[in-house]
Amino acid sequence: MNTNCRYLLESPRITGHRQQKTTCPKCGRKKCFVRYVDTHNNCSYLADNVGKCDHENSCGYHYTPGHFFCDTPNWADYVKKSTTPDWTPPPLPPFQPLPMDLVMRSHSPNSFLWQWISGPCALQLNLDSEVLQRVYEDYQLGATRQGEVIYWQIDELGRVHGGHIMQYGTDGHRLGHQGWVHARLIREGQLPLDWQLYQCLFGQHLLAQRPHAHVCLVESEKTALVMAAHHPQLLWLATCGCGGLNAEKVECLRGRRVTLFPDSGCYEKWARRMDHTTGIEYNISSRMEDYPPNTDLCDILF
């Protein structure tokens, strides 16, 4: 049975309404599990455990419709006959950048993350205060009223693709809560339900400012910030997660010298994905593979 076209991960583009994320059956984290919907049956959910966890690296749960049907002897009971032949999803809405005013109004050092980087982290790594200030300004960091950091994704043309919101403790460790600026704007009616996030690299806007800098690509935005302060001669960008690396996103790196530093456990995945790129002079460091899973460059500094 071909499930590739009929069963798709829920999204506003497909259903016409906001994505309803639930608790992951494996890791137990809330609002991180996206279920598959049946596009031939009013986009109803196939089953509550058939879907994908957002935490691709630390959890990795992905139970597909194909696996579900193989594991379910009476799978035909779940499939209603449809009068809809060859369902085709509607075209994606065009890229609509967020207003730069959002970035300017949120620009603040009052996130718990930046207070840690500019305080305990800076003391331990003996980071230069002028370099730290430049990193803060260069990456245009934002903060919410709750002290969450906003990682703005801005491309080399100055267009704002999105704002990744993440909460950290005073020790610099992530607390698990994360979200996106556009999701809040959609809830408030300031963006249409079908507004589509087209991600770019964190720090991508700096490519135009530093055309000859050697680019270093990591997963975490936090790691990019710490390494930018620790090794300012290099240009540090982030994919925003292990699954955030793809050929389309790194197209902006054509003609650049690039070194990739995947977290431990992701080396092979990143190597396969870079096989699909052209015009980029790159090396992939296997340095982190000597450490426990999910360890990154920032972790080994402390």
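What counts and what doesn't
- Residues numbered from 1 in each chain as written.
- Predicted model: local features only at pLDDT ≥ 70, side-chain atom pairs only at ≥ 80, totals over all residues.
- Heavy atoms only, no water.
- Phe/Tyr/Trp six-rings, centres within 6.5 Å; stacked < 30°, edge-to-face > 60°.
- Helix = DSSP H or I, 4+ residues; strand = E, 2+ residues; numbered from the N terminus.
- Buried < 20%, exposed > 50% of the residue type's maximum accessible area, 1.4 Å probe, protein only.
- Lys NZ or Arg CZ within 6 Å of the ring centre and 35° of its normal.
- Pairing = 2+ DSSP bridges.
- Axes fitted to C-alpha atoms, helices over the stretch in contact; angles between N-to-C directions.
- Contact = heavy atoms within 4.5 Å.
- Salt bridge = Lys/Arg side-chain N within 4 Å of Asp/Glu carboxyl O.
- Polar contact = N/O pair within 3.5 Å; in protein donor to acceptor, adjacent residues only side chain to side chain.

Chemist: Where do I start with the packing of aromatic side chains in this structure?
Modeler: To describe a pair of aromatic rings, you give the distance between the ring centres and the angle between the ring planes. Using the criterion set out here, one finds 10 aromatic pairs in the structure. For the pair Tyr 151 and Phe 202, a centre-to-centre distance of 5.3 Å together with 70 degrees between the ring planes defines the contact as edge-to-face. Of this pair, Tyr 151 sits in strand S7 (residues 149-154) while Phe 202 is found in the loop between helix H6 (181-187) and helix H7 (206-209), placing the two residues 51 residues apart along the sequence. Under the relative-accessibility criterion, Tyr 151 is labelled buried at 0%. On the accessibility criterion, Phe 202 (0% relative accessible area) is buried. Among the aromatic residues, ring-to-ring pairing joins Tyr 7, Phe 33, Tyr 61, Tyr 63, Phe 68 and Phe 69 into one connected group. Just above the ring of Tyr 45 sits the side chain of Arg 35; from NZ or CZ to the centre is 3.6 Å. Looking at Lys 222, its charged tip hangs above the ring of Trp 116, at a distance of 4.9 Å from the centre.

Chemist: Would you mind going over the sheet that holds strand S11 (residues 235-238) with me for this structure?
Modeler: Hydrogen bonding along the main chain pairs the strands of a sheet, whether they run parallel or antiparallel. Pairing in this open sheet of four strands is parallel, and the strands run S11-S10-S12-S13 from one edge to the other. The open sheet terminates on both sides in strands that have one partner only, identified here as S11 and strand S13 (281-284). For this sheet the average axis-to-axis angle between neighbouring strands, irrespective of direction, equals 25 degrees. Bridge count between strand S12 (residues 257-261) and S13: four bridges; the pairing is parallel. Pairing of Thr 259 across the sheet is with Asn 283, part of S13. Together, strand S10 (215-218) and S11 form the strand contacts of helix H8 (residues 221-230), whose direction differs from that of S11 by roughly 170 degrees. The strands that helix H9 (residues 267-274) touches are S10, S12 and S13; relative to S13, the one it contacts most, it runs at about 165 degrees.

Chemist: Where do I start with the pattern of salt bridges in this structure?
Modeler: Side chains carrying opposite charge are able to pair once their charged atoms draw close together. Using the criterion set out here, one finds six salt bridges in the structure. Across the pair Lys 21 and Asp 54 runs a salt bridge, and its minimum N-O distance is 2.6 Å. In this pair, Lys 21 sits in the loop between helix H1 (12-15) and strand S2 (33-38) while Asp 54 sits in the loop between strand S4 (51-53) and strand S5 (62-63), placing the two residues 33 residues apart along the sequence. A relative accessible area of 32% means that Lys 21 is categorised as partly exposed. A salt bridge links Asp 155 to Arg 159, with the nearest nitrogen and oxygen atoms 2.7 Å apart. On the basis of relative accessible area, Asp 155 is assigned to the buried category, the value being 2%. Its relative accessible area of 36% is what places Arg 159 among the partly exposed residues.

Chemist: What is the right way to look at unusual backbone geometry in this model?
Modeler: Generally, phi is negative for residues other than glycine and the peptide bonds are trans, each holding for most cases. Located in the positive-phi region is Lys 31, a residue other than glycine, with phi close to 55 degrees. Considering the arrangement of structural elements, one finds Lys 31 in the loop between H1 and S2. Here Lys 31 falls in the exposed class, since its relative accessible area comes to 68%. One non-glycine residue, Gln 140, lies in the positive phi region at around 50 degrees. Here Gln 140 shows up in the loop between helix H5 (129-138) and strand S6 (142-143).

Chemist: I would appreciate a short explanation of H8 in the present structure.
Modeler: Every α-helix winds through 3.6 residues per turn, so residues three or four apart in the chain are directed the same way. Taking burial as the measure, the 10 residues of H8 include nine buried ones, the bulk of the element. Along H8, the positions that sit buried rather than exposed are Glu 221, Lys 222, Thr 223, Ala 224, Leu 225, Val 226, Met 227, Ala 228 and Ala 229. Against the buried residues of H8 lie helix H4 (112-125), H5, S7, strand S8 (160-168), S10 and S11. Where H8 begins, the side chain of Ser 220 points an oxygen toward the backbone nitrogen of Lys 222, at a separation of 3.1 Å.

Scope: geometric values only; no functional claims are made or implied.
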